[in-house]
Amino acid sequence: MPHRLIEHGRRLTMPVLALWGSVGLPARMPALEIWREYADDVTGAEIPEYGHFIPEERPEALLAHLLDFLG
């Protein structure tokens, strides 16, 4: 979906929270920089010891980031 925004010259204008785990492919990529290509207001964090399923693997970390983001 995000690549379609760029094709049409549009960007996400709402705040975007990007979370990824420290284990796996996303940890080796510049996640925030990638999302900043599509959105004006991006915050995010790498979740330690998390693989792919953040709600199942690190629910307390997810909740903390969501509460801070929605604060």
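Residues numbered from 1 in each chain as written. Predicted model: local features only at pLDDT ≥ 70, side-chain atom pairs only at ≥ 80, totals over all residues. Heavy atoms only, no water.

1. Focus on the environment of V42
Secondary-structure assignment places V42 in strand β2 (residues 42-47). C-alpha separation for the pair V42 and M14, spaced 28 residues apart in sequence, amounts to 8.8 Å. Apart from residues lying up to four places away in sequence, V42 is in contact with V16, L32, W35 and R36. (Helix = DSSP H or I, 4+ residues; strand = E, 2+ residues; numbered from the N terminus. Contact = heavy atoms within 4.5 Å.)

2. Let's talk about the confidence of the model for the protein
Averaged over every residue, the pLDDT of the protein is 87; the share at 70 or more is 89%. For the protein, the element scoring lowest by mean pLDDT is helix α1 (residues 2-7), at 60; helix α4 (residues 59-70) scores highest, at 95. (pLDDT = per-residue confidence, 0-100.)

3. Observations concerning the pattern of salt bridges
Summed over the entire model, instances satisfying the criterion amount to 2 salt bridges. Residue D40 is joined to R11 by a salt bridge in which the shortest nitrogen-to-oxygen separation is 2.6 Å. Taken together, the residues span a long stretch of sequence, with D40 in the loop between α2 (31-36) and β2 and R11 in the loop between α1 and β1 (16-21) at a distance of 29 residues. Among the ionic pairs, E60 bridges to R58, the shortest N-O distance being 2.8 Å. (Salt bridge = Lys/Arg side-chain N within 4 Å of Asp/Glu carboxyl O.)

4. Quick word on the nonpolar core
One finds L12, V16, A18, W20, A31, L32, A39 and V42 forming the largest nonpolar core, which totals 8 residues. Within the residue set of this core, elements represented by two or more residues are β1 and α2. If you tally residues by element for this core, the top one is β1, at 3 residues. Counting residues in each nonpolar core, the second largest holds 5 residues, with I47, Y50, I54 and L62 among its members. (Core = buried A, V, L, I, M, F, W, Y, C linked by side-chain atoms within 4.5 Å. Buried < 20%, exposed > 50% of the residue type's maximum accessible area, 1.4 Å probe, protein only.)

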